[in-house]
Every structure is written in C-alpha cells, then in structure tokens.
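Now for the letters of each chain:
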Amino acid sequence: MKRMIASLKERMSNLGEVETRLEEMFTPVMPRPDFVRDLRHRLMAQFTPKARAGMDNQQTMLIIAASLLSFVMVLMVSLRALLAVLTSLGLLYQYRHQLHREKRTQVLPPAA
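Residues numbered from 1 in each chain as written. Predicted model: local features only at pLDDT ≥ 70, side-chain atom pairs only at ≥ 80, totals over all residues. Heavy atoms only, no water.

Considering the overall build of the protein
- Regarding its fold elements, the protein presents three helices and zero strands.
- Starting at the N terminus and ending at the C terminus, the protein contains elements arranged as α-α-α.
- For the protein, the residues scored as buried account for 0% of the 112 residues in total.
- Carbon and sulfur atoms make up 67% of the accessible area of the protein, which amounts to about 11800 Å² in all. (Helix = DSSP H or I, 4+ residues; strand = E, 2+ residues; numbered from the N terminus. Buried < 20%, exposed > 50% of the residue type's maximum accessible area, 1.4 Å probe, protein only. Areas by Shrake-Rupley, 256 points an atom, 1.4 Å probe, with all protein chains shown as cover.)

A word on the pattern of salt bridges
- Under the defined criterion, the tally for this structure stands at two salt bridges.
- Where Arg-37 meets Asp-34, a salt bridge forms, and the shortest distance between an N and an O atom there is 3.1 Å. Of this pair, Arg-37 and Asp-34 both sit in helix 2 (residues 33–46), three residues apart, roughly one helical turn.
- Its salt-bridge partner being Arg-42, residue Asp-38 comes within 3.4 Å of it at the nearest N-O pair. (Salt bridge = Lys/Arg side-chain N within 4 Å of Asp/Glu carboxyl O.)

Pasting the structure below:
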C-alpha cells in the first residue's frame, strides 16, 4: 500500500513537471471571434432538439381528460373503501349488541 502511494506521488510530481514544461513551450492563443461564433453556431445547430417543446391543444385536452378520469376513479375507490369500513363497523356493532342481549337473557331468571 505504501509503495502504491509513493508511486502515485511520484507520478503526480512528474505530471507537475510535464505541465510546467508545456507552459514554457507553448503560449496560449486566443481564438478568433469568427471561429468562436462559427463553432457555437455549428454546435447549437447540431444539438437542438428535433421535437417541439410545447404541446398542441389536443394533447392538452387529453391530459386534462385523463387527469379528471383518474381523480374520479380515486374518489370512487376511496368512497367504496370508506363504505366497506363503515359496513364492517356496523356489523361488528350489531354482533356485539346481539352477544350482549344473549348474555342478558341467559343471566336473568325467568319471570314468575
């Protein structure tokens, strides 16, 4: 591991030396404004999206209709679930009430 770290440090120092030599040998050159403008134009023309970004009226209407239909479906499922819960609670209440009534009739002695 130490050998790897030493090797990496040596390479980094060599890279620094290479960078220094390149800076000494080459002077930076400013590109011509025409070249920059032409390059920018070519790049923008090459990478512009082919499809339109906006949607037409028909697509918008379909998305609105699908959203409304989804909302109605979620609302119906929610109401059905609520109805099922309330029905279950009602059945449980009736069952408990019936058990309580049966216990009262068994405990009370017959009337004389």
